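Okay, here's what each chain looks like letter by letter:
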Amino acid sequence: MEIIKPSVIIETPIDANKIMMNLERCGRIAYKSRDKITPESAAKFIADDLKSGHESVIEHEILTVRFICDRSVTIEPVRYPLCAFTQESTRYGKVGVNFIMPPWGLDPDDIEYLRTVEAYYNKKLAMGQTPQQARYFLPNGLKTEIVVTANLHEWRRIIRLRAEVHDHPQMQQLMNILKKELQEKLPVIFGDL
C-alpha cells in the first residue's frame, strides 16, 4: 500500500505558438480578416477576443489531462458534458490498493484503517471473489486516474468553477495545479484566471 500525492499530467503536448496560430486562423473567419495574420498577430487577436467575451474561438483546440486523485473526486469533472472521460477501472483486474493523501493529511489511525482495508480486499480475492466483487469494500480514498479531454473554453470554465474555496479541497488542489501550469504554457488563454 502506498499513500500517493494527487497530481495532474497534461497529456497533450502544448506548442503555444501553433495553438495560438490555429485559433487566430479559425477566429479571423468571423471577421473576414485572415489577410491581417502576421507571425506576431495571434496573441493579440486571441487576447482581444477573450477580453470582449468571445471565448468560442478557443473551442477549436482541445487538451487532454490526466488526474491522479481519489475516487470521490472523480465525480466532480464528470458533471461537464462537453468533456470526454476515461477512468481507471477497479472492475476487471486486481487493483493495487493505494490511496491518495488528502489535503488535510492522515493520522496514524487513518493509515492503520487503510492497511486493514487493503488486507480485507486481498482476503476477499484470495477467497475467490472477483475484483468486481471485492471492490465493494474499497473506500472513496482509493487512488485512481481519470483522463479528461475538453476544448480550451471548457477548461477555462472548469477551472473557474472548481478552483474556488467552496469546492472539494482535493478538487481545488488539482485545479490550481492545472491552472498554474496552463497559465505558464498558454498565458494568453489562461493568464486572466
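About the criteria used
Residues numbered from 1 in each chain as written. Predicted model: local features only at pLDDT ≥ 70, side-chain atom pairs only at ≥ 80, totals over all residues. Heavy atoms only, no water. Phe/Tyr/Trp six-rings, centres within 6.5 Å; stacked < 30°, edge-to-face > 60°. Helix = DSSP H or I, 4+ residues; strand = E, 2+ residues; numbered from the N terminus. Buried < 20%, exposed > 50% of the residue type's maximum accessible area, 1.4 Å probe, protein only. Pairing = 2+ DSSP bridges. Axes fitted to C-alpha atoms, helices over the stretch in contact; angles between N-to-C directions. Polar contact = N/O pair within 3.5 Å; in protein donor to acceptor, adjacent residues only side chain to side chain.

Asks: Mind showing me how you'd approach the packing of aromatic side chains here?
Replies: What describes a pair of aromatic rings is the distance from one ring centre to the other and the angle between the planes of the rings. What the rule picks out here adds up to 4 aromatic pairs. With 6.1 Å between their ring centres and 50° between their planes, F67 and W155 make a pair best called tilted. Of this pair, F67 sits in strand β3 (residues 62-70) while W155 sits in helix α5 (residues 152-162), and the two are 88 residues apart along the sequence. Of the two residues examined, F67 and W155, each falls in the buried class. Relative to F137, the ring of Y136 lies with its centre 5.1 Å away and its plane at 90°, an arrangement referred to as edge-to-face. Classification of F137 by relative accessible area gives partly exposed; the value is 31%. An aromatic cluster is defined as three or more aromatic residues linked by ring pairs; in this entry it consists of Y120, Y136 and F137.

Asks: Explain the pairing of β3 here, please?
Replies: Regular strands show a simple pattern: their side chains alternate between the two faces of the sheet. Among the 9 residues in β3, 7 count as buried, and that is most of the element. Relative to β3, strand β2 (residues 7-10) runs antiparallel, the two sharing 4 bridges. Pairing of S7 across the sheet is with I68, part of β3. Bridging between β3 and strand β6 (residues 143-151) involves 9 bridges; their strand directions are antiparallel.

Asks: Can you help me understand the sheet that holds β2 in this one?
Replies: Hydrogen bonds between backbone atoms are what pair the strands of a sheet, whose relative direction is either parallel or antiparallel. Spatially, the 4 strands line up as an open sheet ordered β2-β3-β6-β4, and their pairing is antiparallel. Either end of the sheet is taken by a strand with one partner, and the two such strands are β2 and β4 (84-87). Here the average twist between neighbouring strands, direction ignored, is 20°. Looking at chain direction, β4 and β6 are connected through 4 bridges and run antiparallel. For F85, the partnering residue across the bridge sits in β6 and is V148.

Asks: Mind showing me how you'd approach α5 here?
Replies: Think of an α-helix as 3.6 residues a turn; residues three or four steps apart then line up on the same face. Three or more residues of α5 are buried, namely L152, E154, W155, R156, I158, I159 and R162. N-cap assignment for α5: the residue whose side-chain oxygen lies 3.0 Å from the backbone N of H153 is N151.

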